[in-house]
Amino acid sequence: MNDINKVIDEMPGEVYLRLLSATELGKWDDGTVLTEPQRESTLQVVMLYQARKLHQTEHFTIAAGGNINELSKSELKKQFKGDPIAEFKEADL
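Treat the numbers as computed from the prediction; the structure is a model and nothing was measured.

(A) Broad picture of the packing of aromatic side chains. Within this structure, the stated rule accounts for one aromatic pair. Residues Tyr16 and Tyr49 carry aromatic rings whose centres are separated by 4.3 Å and whose planes lie at 15° to one another, so their mutual orientation is stacked. Linking Tyr16 in helix 2 (residues 13-25) with Tyr49 in helix 3 (residues 36-53), this pair joins segments that are 33 residues apart in sequence. The class for Tyr16 is buried, based on a relative accessible area of 7%. For Tyr49, a relative accessible area of 7% gives the class buried.

(B) Molecular detail of the environment of Lys27. With respect to the helices and strands, Lys27 occurs in the loop between helix 2 and helix 3. As for Lys27 and Arg39, which are separated by 12 residues in sequence, their C-alpha atoms are 8.8 Å apart.

(C) Structural view of the environment of Leu43. Mapped onto the fold, Leu43 is located in helix 3. Its relative accessible area of 42% is what places Leu43 among the partly exposed residues. The spacing of Leu43 and Thr23 is 20 residues in sequence and 6.1 Å in space, taken between C-alpha atoms.

(D) Here's a closer look at the nonpolar core. Ranked by size, the top nonpolar core spans eight residues in total: Ile8, Met11, Tyr16, Leu19, Leu20, Val45, Val46 and Tyr49. Elements with a contribution of two residues or more to this core: helix 2 and helix 3. In contact with Ile8, not counting residues within four places along its chain, are Val45, Leu48, Tyr49, Arg52 and Lys53.

(E) Representation of the environment of Gln44 within the structure. With respect to the helices and strands, Gln44 occurs in helix 3. With 21 residues separating them in the primary sequence, Gln44 and Thr23 have C-alpha atoms 9.8 Å apart.

(F) View of helix 3. A rise of 1.5 Å per residue sets the reference length of helix 3, with its 18 residues, at 26 Å; its end C-alpha atoms lie 26 Å apart and thus fit the reference within 8%. Along helix 3, the positions that sit buried rather than exposed are Thr42, Val45, Val46, Tyr49, Gln50 and Ala51. Buried residues in helix 3 make contact with helix 1 (4-10) and helix 2.

(G) The packing of helix 2 against helix 3, seen in detail. Their axes nearest at 9 Å, the elements helix 2 and helix 3 cross at an angle of 135°. Taken as axis vectors, helix 2 and helix 3 run oblique relative to one another. For the crossing formed where helix 2 meets helix 3, the hand is left-handed. Seen from helix 2, the contacting residues are Gly13, Tyr16, Leu19, Leu20 and Thr23; seen from helix 3, they are Arg39, Thr42, Leu43, Val45, Val46, Tyr49 and Gln50.

Calculation notes
- Residues numbered from 1 in each chain as written.
- Predicted model: local features only at pLDDT ≥ 70, side-chain atom pairs only at ≥ 80, totals over all residues.
- Heavy atoms only, no water.
- Phe/Tyr/Trp six-rings, centres within 6.5 Å; stacked < 30°, edge-to-face > 60°.
- Helix = DSSP H or I, 4+ residues; strand = E, 2+ residues; numbered from the N terminus.
- Buried < 20%, exposed > 50% of the residue type's maximum accessible area, 1.4 Å probe, protein only.
- Core = buried A, V, L, I, M, F, W, Y, C linked by side-chain atoms within 4.5 Å.
- Contact = heavy atoms within 4.5 Å.
- Expected span 1.5 Å × (residues − 1).
- Axes fitted to C-alpha atoms, helices over the stretch in contact; angles between N-to-C directions.
- Parallel < 35°, antiparallel > 145°, perpendicular 65-115°, else oblique.
- Left-handed = near helix turned anticlockwise from the far one by under 90°.

The quantities given are spatial measurements derived from coordinates; they are silent on function.
The following block contains the structure:
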């Protein structure tokens, strides 16, 4: 891997999802635990992919250009504002 930018540009979405899963779970699909160097490298690749290919606006994600999205409390409330999924009365519980 001489040029990480080329690797990110040519990386299929399925590979990104496998790397993302490995960093979240700390192990590969076959159950093998990631070594610390693998975990660090995989996390860097995931963050680069997110910054270059995904246009995320969620709280604490990597946005285009490598910036971290840090939404304020009021911005988060706006995202989740809507109709309630279910309502319960105290007697129902």
